[in-house]
Amino acid sequence: MGSSAALRELQRELENKANDLSKLQKDIAKNHQVRKKYTIQLGENELVLKELGLLNEGANVYKLIGPVLVNQDLAEANANVRKRIDYISAELKRLDATLQDLEEKQNSKKEAILKVQQRIQSLQAAKAKA
Amino acid sequence: MEEPTAKGTLTSLSSMFPVEDAQKAVKRVQDTLAEKQQELERVKEFIADNATLINHVPFGKAAFFPGRLIHTNEFLVLLGEGYYADRTSKQTVEILKRRGKVLDSQVDSLKAMMKDLQAETSFFYTTASEAAEGLLEIREEYVEENSSAKKSESDSVKEDSPSLSEAGNLKAEDEDEEYARIMSRLDELEKEELAAEIENRSGENTQNNASESDNKDDDEQAKSVFDQFSDQISLHHNLRHPEGFESSNTQRTKKKVTFEELANNYNRQQDLGDQSCTGLAVQAVFQDEKSQGKSLANNAKADAAEKALRLPEVKEDAEAASSSRKEIPAQTSKPGFDSDKAFTGSIIEHPHNIQPNPQGQSGSSSKPFISQPSKPVSRFKMQRK
């Protein structure tokens, strides 16, 4: 009976770990998506910055805020875009770090799961012999 | 009234510009005018078309109302990220072109990436298929063989390859490898020779000095002899480069020969080395006295930059030296005492260096290589042909 209880315990553990792993994987996937979005935004912002640089002084620049187009100063728009680019690059760095962290966690979880599976297998084998 | 008539003539305008012609011209101008008018109309139509490009403006999702564009050269361009700018049509076109370029570059980079990945997949596919077929990779450790063993070994191959016409590709490859090995070995040996030669020269110096001390009377002559000899050495040194490969071959052939033969060989070689050296030295000695022609030939040889050309010449030289050898002793006795001594000194040196050779070929073999080429080359050549 003791061995079967231990087996059950292990199986529960395995289940928990599997759940954790799937959660981690979901997180990673989400992170990837966010990262992709940010990279696209970064590219777009860089394009905007380039175009704003090519505009001559006194050109009318508008910013779409919600449903309204708001007239903006060229210099202001430039500064805003620059800020946005900085923000996005910082965010990308942060996301990279978290992604790495998550992947490490995932790997460790996978290893733990493998160990638990092995233990279960060995227990089952012992049981079969007995 | 005659005078004014004398001053000018009266011609009717109609005679100069006929009425019909003038009328034709008027008509032509009118025609072109009409043409231009038509063109103008067409352009105006274009403009109107452009202005009324949108003649139904959407009003909500379901309705339209009639309308037309008035400011057709005013664009509000979306730059991205919610930023818009007022632009003219030309500027807009430029913006769009730039955007297209950026997108094109992105497409290119993506294509390159795809190509890389495809290459990778194909590589893995081939490796997988090869693994499935059970291909084996063979790797052999490269062991640096003992130089003598290598030479004797390679000797057989080398000996066979010229005689056996059916020597396969394998052998050719073998030879190539061997050639590389030999060349590397030769480079080593050459370095050793250079080092040893410097020593030898210093040795010669001392010897010559000794002879000079013996015969203080004719210092100058001795020096001249020494100079000639050093010249000769340099000549030998030059010779070694082209002959390197062949000389190594001859060494190998030597290895094959039994020991007594070896001894004989070396004796002979010594002789020959002596011959060549004596010949040259004697010539050097004689230069001042007798054989001007020979010395000239010698000089020509030394000057000749073509080493390949020099090879046969030296052989001839050696032969000539051997032929003239019998005369030499008699002749050498004639010239000055000091020159004789210096010359003998040079002879002594060669045997000294040759003798250690059979024991250790890889050992610092400096002079043997210098003295050998004159003979071994010829031998090798004979074998080859």
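The name recorded for chain B in an unreviewed UniProt entry is RNA polymerase II subunit 5-mediating-like protein, from Melia azedarach.

As annotated in an unreviewed UniProt entry, chain A is Prefoldin subunit 6 from Melia azedarach.

Novice: Could you give an account of the overall build of chain A, naming the residues involved and the relevant values?
Specialist: For chain A, the count of helices and strands is two helices and two strands. Beginning at the N terminus, the succession of helices and strands in chain A can be written as α-β-β-α. The proportion of buried residues among the 130 residues of chain A is 29%. Long-range contacts, defined as pairs at least 24 residues apart, comprise 79% of the intrachain contacts of chain A with a sequence gap of at least 6.

Novice: How would you summarise the pattern of salt bridges if you had to cite specific residues and measurements?
Specialist: Per the counting criterion, the structure on display carries eight salt bridges over all chains. A salt bridge links A:Lys109 to A:Asp20, with the shortest nitrogen-to-oxygen separation between them at 3.8 Å. Note that A:Lys109 is positioned in helix α2 (residues 74-129) and A:Asp20 in helix α1 (residues 2-54), a separation of 89 residues in sequence. Among the residues examined, A:Lys109 registers a relative accessible area of 22% and is labelled partly exposed. Residue classification places A:Asp20 among the partly exposed positions, given a relative accessible area of 32%. Here A:Arg84 ties to B:Glu81 by a salt bridge, and the two come within 3.2 Å at their closest N and O atoms. A residue pair is termed interchain when its members come from two chains, as with A:Arg84 in helix α2 and B:Glu81 in the loop between β3 (75-80) and β4 (83-87). You can call B:Glu81 buried: its relative accessible area is 18%.

Novice: Quick rundown of the interface of chain B and chain A? Include the residues and the values.
Specialist: On the chain A side, the residues contacting the 14 residues of chain B number 23 residues. Of the roughly 1700 Å² buried where chain B meets chain A, counting both sides, 58% is carbon and sulfur surface. Here chain B is connected to chain A by two salt bridges. In this structure, B:Arg98 engages A:Glu51 in a salt bridge whose closest nitrogen and oxygen atoms are separated by 2.8 Å.

Novice: Would you mind going over the sheet that holds β4(B) in detail, with residue names and values included?
Specialist: Spatially, the four strands line up as an open sheet ordered β2(A)-β1(A)-β4(B)-β3(B), and their pairing is antiparallel. Looking at the sheet topology across the chains shown, the edges are occupied by β2 (68-72) of chain A together with β3 of chain B. The sheet shows a mean angle of 35° between the axes of neighbouring strands, direction not considered. Here strand β1 (residues 61-65) of chain A runs beside β4(B); their pairing, made up of three bridges, is antiparallel.

Novice: Please set out the side chain of B:Arg87 residue by residue, giving values where relevant.
Specialist: Relative to the elements of secondary structure, B:Arg87 occurs in strand β4. No salt bridge forms around the buried B:Arg87; measuring N to O, its nearest opposite-charge neighbour A:Glu51 is 6.7 Å away. In this structure the side chain of B:Arg87 is engaged in a polar contact, spanning 3.3 Å, whose partner is the side chain of A:Asn56. With sequence-adjacent residues up to four places away left out, B:Arg87 is seen in contact with A:Leu55, A:Asn56, A:Ala59, B:Asn73, B:Glu74, B:Phe75, B:Val77, B:Thr92 and B:Ile95.

Novice: An account of the nonpolar core is requested, with residue identities and associated values reported.
Specialist: In globular proteins that are soluble, nonpolar side chains generally tend to be buried together. Formed by 20 residues in total, the largest nonpolar core has its most connected members in A:Val48, A:Leu52, A:Leu55, A:Val61, A:Val81, B:Leu79 and B:Tyr83. At the level of secondary structure, the elements contributing two or more residues to this core comprise α1 and α2 of chain A together with β3 and β4 of chain B. Leave out the neighbours within four places in its chain, and A:Val81 touches A:Asn45, A:Val48, A:Leu49, A:Leu52 and B:Tyr83. In this structure, A:Leu10, A:Leu21, A:Ile113 and A:Ile120 belong to the second largest nonpolar core, which totals seven residues.

Novice: Report on the pairing of β3(B), specifying residues and quantitative values.
Specialist: Residue and element names in this part refer to chain B. One ladder, built from five bridges, connects β3 with β4; its direction is antiparallel. Each residue of the ladder has a partner; that of Leu-78, found in β4, is Tyr-84. Between β3 and the antiparallel strand that follows it, β4, lie two residues; Glu-81 among them carries a positive phi value of about 55°.

Parameters at a glance
- Sequence order as written defines the numbering, with residues in each chain counted from 1.
- Going through the entries in the order they are written, you letter the chains from A and number the ligands from 1.
- It should be noted that, the model being predicted, local features are given only for residues of pLDDT at least 70 and side-chain atom pairs only at 80 or more, the latter also being counted only at that level, while totals for whole chains, interfaces and linings use all residues.
- Working from all heavy atoms in the structure, the side-chain values ignore hydrogens and water.
- Each helix corresponds to a stretch of at least 4 residues labelled H or I by DSSP, and each strand to a stretch of at least 2 residues labelled E; elements are numbered beginning at the N terminus.
- Between buried and exposed lies partly exposed: a residue is buried under 20% and exposed over 50% of the maximum accessible area for its type, with that area taken using a 1.4 Å probe on protein chains only.
- Contacts between residues were defined by any pair of non-hydrogen atoms, one from each residue, lying within 4.5 Å.
- Any carboxyl oxygen of Asp or Glu that lies within 4 Å of a side-chain nitrogen of Lys or Arg is treated as forming a salt bridge with it.
- Take the accessible area each of two parts loses on contact, using a 1.4 Å probe, and add the two losses: that sum is the buried area.
- Two strands form a pair only when DSSP identifies at least two bridges running between them.
- Each axis is a line fitted through C-alpha atoms, taken for helices only over the stretch in contact, and angles between the N-to-C directions span 0 to 180 degrees.
- The positive count covers Lys and Arg only, the negative count covers Asp and Glu only, and His and the chain ends enter neither.
- Definition of a polar contact: a pair of N or O atoms within 3.5 Å, with one able to donate and the other able to accept a hydrogen when the atoms are protein atoms, and with sequence-neighbouring residues admitted only if both atoms are side-chain atoms.
- Working definition of a nonpolar core: buried Ala, Val, Leu, Ile, Met, Phe, Trp, Tyr and Cys residues. They are joined through side-chain atoms within 4.5 Å.

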